[in-house]
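Chains, contacts and geometry: an overview
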Amino acid sequence: MTGPVLLAQDQIRAYLDIPEECQINMVIALGYPKDRPGKLARKEIDDILQIID
């Protein structure tokens, strides 16, 4: 992910104790969520599909 580096480079650098002379190119999220979310509600196919002849 490169977005977090662009938006929060200073905070990432401080949190991970990365010196200024090192460049942060991207971050990679590892692990799994603490709480697993349930299944998301899905729309019916007829609500999202439109066939145009």
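One can find the structure itself at the top, above this paragraph.
Only a predicted model underlies this, so the values are computations on that prediction, with no experimental measurement involved.

Looking only at helices and strands, the protein has two helices and zero strands in total. On C-alpha atoms alone, the protein measures out to a radius of gyration of 20 Å, which is more than a quarter above the 10 Å that the 2.2 N^0.38 rule sets for 53 residues. For the C-alpha atoms alone, the extent of the protein along its principal axes is close to 60 × 35 × 15 Å. Burial status across the protein gives 9% buried among its 53 residues. Put simply, the protein shows about 5,800 Å² of open surface, and 55% of that area lies on carbon and sulfur atoms. Looking at the protein, you have 6 positive and 9 negative side-chain charges, and the mean spots of the two groups are 9 Å apart.

Cut-offs used in this document
- The numbers attached to residues start from 1 for each chain and follow its sequence in the written order.
- This being a predicted model, a pLDDT of at least 70 is required before a residue's local features are given, and a value of 80 or more before pairs of side-chain atoms are given or counted; all residues contribute to the totals for chains, interfaces and linings.
- Computation of side-chain values: all heavy atoms of the structure, hydrogens and water removed.
- We count a stretch as a helix when DSSP gives it H or I for four or more residues in a row; a strand needs E for two or more, and each element gets its number in order from the N terminus.
- The size measure is the radius of gyration over C-alpha atoms, and the globule rule it meets is 2.2 Å times the number of residues to the 0.38 power.
- Residue exposure (1.4 Å probe, protein chains only): buried if accessible area is under 20% of the type maximum, exposed if over 50%, otherwise partly exposed.
- All accessible-area figures derive from a Shrake-Rupley calculation using a 1.4 Å probe, and residue coverage is judged against the displayed protein chains alone.
- Charged residues are defined narrowly, with Lys and Arg counted positive, Asp and Glu counted negative, and His plus the chain ends left uncounted.
- Here the site of a charge means NZ on Lys, CZ on Arg, CG on Asp, or CD on Glu.

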